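These are the residues of each chain, in order.
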Amino acid sequence: MRASTWLTIILIAPFVASALAPLLARRVASRWVGVASAAVALAAALALASALPQVAAGESLSATWRWVPALGVEIRLVLDGFSLFFALIVTGMGTLILLYASAYLGPDEDHGRFFAYMLAFMGAMLGVVLSSNLAVLYVFWELTSVTSFLLIGYWYHKEGSRYGAQKALLITAGGGLAMLLGFVLLYVEAGTFDLAGLSTQATQIRQSPRYPLITALVLAGAFAKSAQVPFHIWLPNAMEAPTPVSAFLHSATMVKAGLYLVARMVGVLGGTELWTWLVTGVGLASLVWGAALALRQTDLKALMANSTVSQLGLIMSLLGIATPAALAAAVFHTLNHAIFKGSLFLVTGIVEHETGTRDVRRLRGLARSMPLTAAAAGLASLALAGVPPLNGFVSKEMFFEAAWHFGHDRAGLAWLAPALAVLGSSFTMVYALLFFHGVFLARGGSSHDGAGHDPGWSLLGPPLLLGGLALVVGVGPQLVSGALLTPATSALAGAWTSVEAGLWHGLTPALAMSGAALAAGLAGYATRHRWVAGLPQMPPALRLDTWYDGFVRQLPAVADRLTRAHVTGRLSDHLGSLVAAVLLLWGYVILRLWGLEWRSASLGAIEPFDVALTGVMAASALATLAVRSRLGMAAALGGVGMPMAVLFVSLRAPDLALTQLIVESIALVLFVLAFRHLPPLVHRPVGTCRRAASAALSIGFGLSMATLTLIFTSHRVWPSIAPFFLETSLPLGGGRNVVNVILVDFRGLDTLGEITVLAIAALAVAGLMRRPARRHGAGPDERLAFPPLVTEDLSDAAPSSNAAPSSKVASPGGLERA
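Residues numbered from 1 in each chain as written. Predicted model: local features only at pLDDT ≥ 70, side-chain atom pairs only at ≥ 80, totals over all residues. Heavy atoms only, no water.

Novice: Would you mind going over the overall build of the protein chain in detail, with residue names and values included?
Specialist: Along its length, the protein chain carries 33 helices and eight strands. Reported as C-alpha extents along the three principal axes, the dimensions of the protein chain are approximately 95 × 60 × 60 Å. Burial statistics for the protein chain: of 818 residues in total, 47% are counted as buried. Across the protein chain, the fraction of contacts at a sequence separation of at least 24, relative to all contacts at a separation of at least 6, is 78%. If you sum the accessible surface of the protein chain, you get close to 38,500 Å²; carbon and sulfur atoms cover 68% of it. (Helix = DSSP H or I, 4+ residues; strand = E, 2+ residues; numbered from the N terminus. Buried < 20%, exposed > 50% of the residue type's maximum accessible area, 1.4 Å probe, protein only. Contact = heavy atoms within 4.5 Å. Areas by Shrake-Rupley, 256 points an atom, 1.4 Å probe, with all protein chains shown as cover.)

Now the structure itself:
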């Protein structure tokens, strides 16, 4: 099978399975939906694993389809060492978690909907890690935001689930918009969205004046996705999701998408002081802050959430250092984090399933009744803490070594890196022991001391397998270093980088840092009751959660005020805001093009007849301001349209003249038909200031349109497309009327869309006009009793005979009308 077909099937398979999951749930037993979903994930994992020998040999597989060739956007999938590494995590962890979920969900749950969301999310994550084009990557990136919103809010009947889903979506999607702007600026700078093309122009991008802004925007999206400080506040609330969702999204996939993007951008934006200090600083801050927050938690999932913030900060700091050794450590710890954190989340689900609580204050001595669950928890917790000979110890040693060299090579503030690394790891040891020793080994007077029992293998198997993997990878890291870590690191470093991982590296500063972190963690756990409660707390007014809640609470009120300011019920206000926005944009363009060379536009000769017609149109337009009746206004507008048709004829544009006549005729017919049903006009006098502002906007808008016309007719950026239509309308469209051929053939789909929109609008208007009659059985006069239409009296003339009385009239919308 060709590589392109093979990659396409792997990417599309989860989406197809997602569409079939609800149907399967209705046709067969719902539990088998989870098994079938896991089979799809397993098949994808095995197919990806079959490419390991090729990728380990330095090859990469790709598939390309054209999408938007004018912008250089193509759907290009690339399977190199790093994308294969992430794709195996997504599908491998997905297999175990989908199996676990099939037993975790109760019979009353909607299995079809749940697994449809999970599979769609898996497909979106595969799209993120396989896409080589930033525009395509962004599409899949936002698809992960949407599907994670559905998964976090799966129990939508709970307020906490709705709140957590909304918070996650607002923060991650907001960061995604910033990231999209960064991608656009990258395209402006380099002329391509392709990652490989961007890497070849890395020097030019880093020397650009836009580089700081591009870096800040791209990193904002990545930090928000990976819940880094200060965007970390959404992750604890996302724990309202079912535990399998938490395990999949927050240990192995979604939060790691930010890490994936930052790692990919090392070759494009990395290697500068701004990149190093920004990424490393945010990573170390997240490492320490997340670990400190975890110490305070009494809910197991909240503890895991803050632990994730901390561990992702550890990996992020390594991507900021970005030396080959640091990149190798980042890749290795990403794998290890997926293993031990996935196991811990699944163990948390088992504990809640068996005891009915996740409160660590009520859980004691579970190892007596749940020995196998305790074994899985012990292996994963100690791996998280970095205890030898588990996998976390090996990758953390590599982290300490990179942090030590960072401080040694740069000196000064850089020495904070190894110090914060040890501090954060000490905190990690404390909360890891709180999870394992406090829940499974400690004894006390808790109501759940020794409660529960080990569940069946469908629930217990995945976390136990992951715990065993933590031990196997720790004892034999060479099992993964050659086939997985080396190709992945090489893809990031841009050169072949052999990863040498082992339990023993000699008496090094990293070993001393490991020892110090473990000793401090043990001492801290033994004395935790004395100092954890004394940790300083952020005042409520300074908490980011408080700011977020205030922002969300005020958002509808601000939107309502803006709407009321814009939609006042007066046509002049509505048009005035639109015209003012156009003038502001036009002013910006004028400032940007200041000094533009004015060329003589080819306007042709202006005949006296043209001047006369233009004068008639101007006089008719001015007459609409003075006329006091609706019929007079319609006649004055006709005085604008009909001379314009004559002007088109004089300019030898009969098609336009015919179109203008048809439009004028149809408008007149519609006006006559609706005339008797229209509400009465009410003229309200306005002040001098408002009248002056309206006049200024009108004159400014007219002048800006005239100026734009002169500029666009005298400056041509691209060659005219007119010759193409003139030459091809007959051979390709079969018509001599070029305008008709353009409307019907060249842009026939657009024309169809416009006709559809007009038809829908007409049907809606007809429905609105008939609806009161059906409801109330009213007669023709009563059913069209609309409120009076308010117009502003810009003239000084006295009110006409059909003007409404001066008394106030309240409209149905509550707007005050004169």
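Novice: Can you break down the packing of aromatic side chains residue by residue, with the values?
Specialist: Geometry of an aromatic ring pair is reported as the spacing of the ring centres plus the angle between the planes. Throughout the structure, instances matching the rule amount to 20 aromatic pairs. Measuring from centroid to centroid gives 5.7 Å for Phe121 and Phe248, while their planes differ by 75°, and the two rings are edge-to-face. Here the residue Phe121 occupies a position in helix α5 (residues 111-130), and Phe248 occupies one in helix α12 (residues 243-252), the gap between them amounting to 127 residues. Taking the centre distance of 6.2 Å and the plane angle of 20° together, the rings of Phe427 and Trp531 count as stacked. Of this pair, Phe427 sits in helix α19 (residues 416-441) while Trp531 sits in helix α23 (residues 528-531), placing them 104 residues apart in sequence. For Phe427, a relative accessible area of 14% puts it in the buried group. Of note, Arg528 hangs over the ring of Tyr525, and the distance from its end group to the ring centre comes to 4.0 Å. (Phe/Tyr/Trp six-rings, centres within 6.5 Å; stacked < 30°, edge-to-face > 60°. Lys NZ or Arg CZ within 6 Å of the ring centre and 35° of its normal.)

Novice: If you had to explain the side chain of Ser131 to someone new, which residues and values would you point to?
Specialist: Within the element layout of this structure, Ser131 appears in the loop between α5 and α6 (134-152). Here Gly127 takes part through its backbone oxygen, which lies 2.5 Å from a polar atom of the side chain of Ser131. Look past the residues within four positions of Ser131 in its chain and what remains in contact with it is Arg76, Leu77, Val136, Leu137, Phe140 and Leu195. (Polar contact = N/O pair within 3.5 Å; in protein donor to acceptor, adjacent residues only side chain to side chain.)

Novice: Which residues make up the nonpolar core, and what values do they have?
Specialist: Counting 199 residues, the largest nonpolar core has Phe85, Phe183, Leu186, Met265, Leu269 and Phe440 as its most contacted members. Among the elements that line this core, the one with the most residues is helix α16 (residues 324-355), at 17 residues. Setting aside anything within four residues of it in sequence, one finds Met265 in contact with Leu134, Phe183, Leu186, Leu195, Val218, Gly270 and Trp275. (Core = buried A, V, L, I, M, F, W, Y, C linked by side-chain atoms within 4.5 Å.)

Novice: Explain the packing of helix α13 (residues 254-269) against helix α15 (residues 300-321) to me, and be specific about the residues and the numbers.
Specialist: Contact geometry for α13 and α15: axes closest at 10 Å, N-to-C directions at 5°. Taken together, α13 and α15 sit at an angle that is classed as roughly parallel. Contact with α13, carried on its side by Val255, Lys256, Leu259, Val262, Ala263 and Val266, involves Thr308, Leu312, Ile315, Met316 and Leu319 of α15 and no other residues of that element. Its residues placed into classes, the contact of α13 with α15 shows nine nonpolar, one polar and one charged. (Axes fitted to C-alpha atoms, helices over the stretch in contact; angles between N-to-C directions. Parallel < 35°, antiparallel > 145°, perpendicular 65-115°, else oblique. Nonpolar A, V, L, I, M, F, W, Y, C, P; charged D, E, K, R; others polar.)

Function cannot be read off these values alone, since they describe shape.
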